[in-house]
Amino acid sequence: MQFNSRNILRSVAAVIASATLLISAGACGSSQSSSSSDGITFSQMTGVSAKGKLGEKPTITFKTPFEVKNNSYQVVQKGDGASFKDGQKLCIQQIVFDPKTGKEVNSTWESQPDCTATFSQQSMQASFYNLFKTLKINSTVVMGITSNNSSDSQTAQNSQQSSEAVTAYLMALTIVSAQTIPTKAEGKKVDNIDSSLPKITLAKNGEPSINANDLKNYKSDGSLKVQTLIEGNGNTLTENSTVTVQYTGWVLGGDAAKPFDSSWSRGTPATFNLQQVVKGWTQGLTGQKVGSQVLIIIPPDLGYGSTAQNNIPANSTLVFVVDILAAQ
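The sections below set out a description of the structure shown in this document.

Quick notes on the rules
Residues numbered from 1 in each chain as written. Predicted model: local features only at pLDDT ≥ 70, side-chain atom pairs only at ≥ 80, totals over all residues. Heavy atoms only, no water. Helix = DSSP H or I, 4+ residues; strand = E, 2+ residues; numbered from the N terminus. Buried < 20%, exposed > 50% of the residue type's maximum accessible area, 1.4 Å probe, protein only. Contact = heavy atoms within 4.5 Å. Areas by Shrake-Rupley, 256 points an atom, 1.4 Å probe, with all protein chains shown as cover. Disulfide = S-S within 2.5 Å. Core = buried A, V, L, I, M, F, W, Y, C linked by side-chain atoms within 4.5 Å. Salt bridge = Lys/Arg side-chain N within 4 Å of Asp/Glu carboxyl O.

**Some words on the overall build of the protein chain**
Broken down by element type, the protein chain carries six helices and 18 strands. Put simply, the protein chain has 328 residues, and 48% of those count as buried. In the protein chain, once contacts between residues fewer than 6 apart in sequence are set aside, the share between residues at least 24 apart is 75%. Accessible surface for the protein chain amounts to roughly 16300 Å². Of this, 44% is attributable to carbon and sulfur atoms.

Below you can see the structure in the form of structure tokens.
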């Protein structure tokens, strides 16, 4: 059995955090992660044990070969920390095991935990939310997961697959901390904002709106425009940062009352890596600081180009207001 352990880690994070982004580099909505409406039913697992100090890398043992049932779990360490609060970011250390041999094939314990999962009903699969709300910081839960290696998922559903086509693995997740993040940019308002750019106003909760006439009449020169509206004092983003943001996006020349996408309207911030979005986002946010709010005007060649995307016509210039809440 061979593992692409990097893809394993990424796929589990995608299951836990189910929010989708319209601004992904691919076609809108085409590569979304599993949504809470898809539903996952967990079953209890037995036969796995853990030793070690809570909050540190556990020693996981089980008899091999271990038969894995998909979406099964076992809590092997009960944490001694606080319970999680809705809206917090969970920092999770992960170990992947080959259930046939018991061999550890990947671990994040030697680097940094993944802090991209938001503990909320809006951002998590319902089954994960219900499971995690019974846990505390420093808890370890082992998940049993199987996936089909076939490149054609439809064919896989319609034909009998050999045992070699199915990958099974165990993942030990330890929640090492929970971070409370702000709901909006909390930096210092910037003076001397370019007056030629569309004017942005903020509601009491921080949600942005854009001047209707400005959105209609602003003339783009075809270049990327980046204007910091609020400057934070947190970490500086790189082109490889994973960010948590609130954002609203409009089509230049469109209706200011009808943004094509908004995390505000979904009721929860979005988390993604800056390599997973259109180039205008990557370039516009690189170098900005956590706590900042940024206005980005993206020309078509740094957005979706000549390809229409749902409510975005082909060759559209896009206007975004982005609040950078956290980064990793």
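**Here's the deal with the state of the cysteines**
For the structure on display, the rule yields one disulfide. Residue Cys91 pairs covalently with Cys115 via a disulfide, S to S 2.1 Å. Judged by the sign of its S-S torsion, about 115°, the cystine formed by Cys91 and Cys115 is right-handed. Pair noted here: Cys91 is in strand β5 (residues 89-97) and Cys115 is in strand β7 (residues 114-118), with a separation of 24 residues, a long-range link. When its relative accessible area of 15% is taken as the criterion, Cys115 is described as buried.

**What to know about the nonpolar core**
Grouped together as the largest cluster of nonpolar side chains are 24 residues, with contacts concentrated most on Phe272, Trp281, Leu285, Ile298, Leu318, Phe320 and Val322. For this core, the elements supplying multiple residues, two or more each, are β14 (242-251), β16 (270-273), α6 (279-285), β17 (293-298) and β18 (318-327). Ranked by size, the runner-up nonpolar core spans 22 residues in total, among them Tyr73, Met124, Met143 and Met171.

**Quick notes on unusual backbone geometry**
Here the bond from Thr64 into Pro65 is cis, since omega is -5°, no more than 30 degrees from zero. Secondary-structure assignment places Pro65 in the loop between β3 (59-62) and β4 (72-77). The backbone phi angle of Asn138 is positive, close to 80°, even though this residue is not glycine. The topology assignment puts Asn138 in the loop between α2 (126-132) and β8 (140-148). Taking relative accessible area as the criterion, Asn138 reaches 15% and is therefore assigned buried. Phi at Asn192 takes a positive value of approximately 60°, unusual for a residue other than glycine.

**What to know about the pattern of salt bridges**
If you walk through the whole model with that rule in mind, you get four salt bridges. Across the pair Lys57 and Glu110 runs a salt bridge whose closest N-O atoms are separated by 3.0 Å. With Lys57 in the loop between β2 (48-51) and β3 and Glu110 in the loop between β6 (104-107) and β7, the pair connects residues that are 53 residues apart, well separated along the chain. Lys57 gets classed as partly exposed once you look at its relative accessible area, which sits at 31%. One salt bridge in this structure joins Asp221 and Lys225, with 3.2 Å as the shortest N-O distance. Assessed through its relative accessible area of 27%, Lys225 is described here as partly exposed. Put simply, Lys57, Glu104 and Glu110 are held in one network by salt bridges that share partners.

**Description of the environment of Val76**
By secondary structure assignment, the location of Val76 is in strand β4. Taking the C-alpha atoms as reference, Val76 lies 9.8 Å from Gly47; in sequence the two are 29 residues apart. Val76 has contacts with Val48, Ser49, Ala50, Ile60, Thr140 and Val142, leaving out every residue within four places of it along the chain.

**Observations concerning the side chain of Thr174**
Locating Thr174 in the fold gives a position in strand β9 (residues 166-179). In this structure Thr174 comes out as buried when scored by relative accessible area, which is 0%. Those residues within four positions of Thr174 in sequence are excluded, and the remaining contacts are Pro58, Cys91, Ile92, Gln93, Trp109, Asn138, Ser139 and Thr140.

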